[in-house]
Amino acid sequence: MERQGHSGGQPGEPPILEHRRIGMLLRVAAIDPASGTEVVIQGPAARDPSALERLALRKLAWALDRAADRRRVG
C-alpha cells in the first residue's frame, strides 16, 4: 500500500491518494481529509497509475459536490 498526503481534517488540505495492488488490479482510493469521504477506482495494474489517480480525484470531486447539493436541498 502506498499513501500520499496525510490525514488531519483541515479544510483545504489536498486529498489523500492510496494505492493498493491486488493481483492484476490497481486499486486507487481518494480520500477528502476534511469530510472523510472516500471513493475507489480499480483498473489494470499495467495501466499508468496517474490515469487512475486523475479518475479517482474526479470521482471524489463529484461525490463531494453531490453531498453538498444534498445538504442544500435537505
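Residues numbered from 1 in each chain as written. Predicted model: local features only at pLDDT ≥ 70, side-chain atom pairs only at ≥ 80, totals over all residues. Heavy atoms only, no water.

What to know about the overall build of the chain
Rules: Elements are defined by DSSP. Helices are runs of H or I of four residues or more, strands are runs of E of two residues or more, and each kind is numbered from the N terminus. Categorising residues by exposure relies on relative accessible area from a 1.4 Å probe, with only protein chains included: less than 20% of the type maximum marks a residue as buried, more than 50% marks it as exposed, and the intermediate range marks it as partly exposed. In what follows, a contact means two residues having at least one pair of non-hydrogen atoms within 4.5 Å. Each accessible area is a Shrake-Rupley estimate made with a 1.4 Å probe; only the visible protein chains count as cover when residues are assessed.
For the chain, the count of helices and strands is one helix and four strands. Written out in order from the N terminus, the α and β elements of the chain read β-β-β-β-α. Within the chain, buried positions represent 31% of all 74 residues. The long-range share in the chain, meaning contacts at least 24 apart out of those at least 6 apart in sequence, stands at 26%. Of the roughly 5100 Å² of accessible surface on the chain, 53% is carried by carbon and sulfur atoms.

With respect to the environment of Arg58
For Arg58, the location among the structural elements is in helix H1 (residues 49-73). Considered as a pair, Arg58 and Val39 are 19 residues apart in the sequence and their alpha carbons are 9.8 Å apart.

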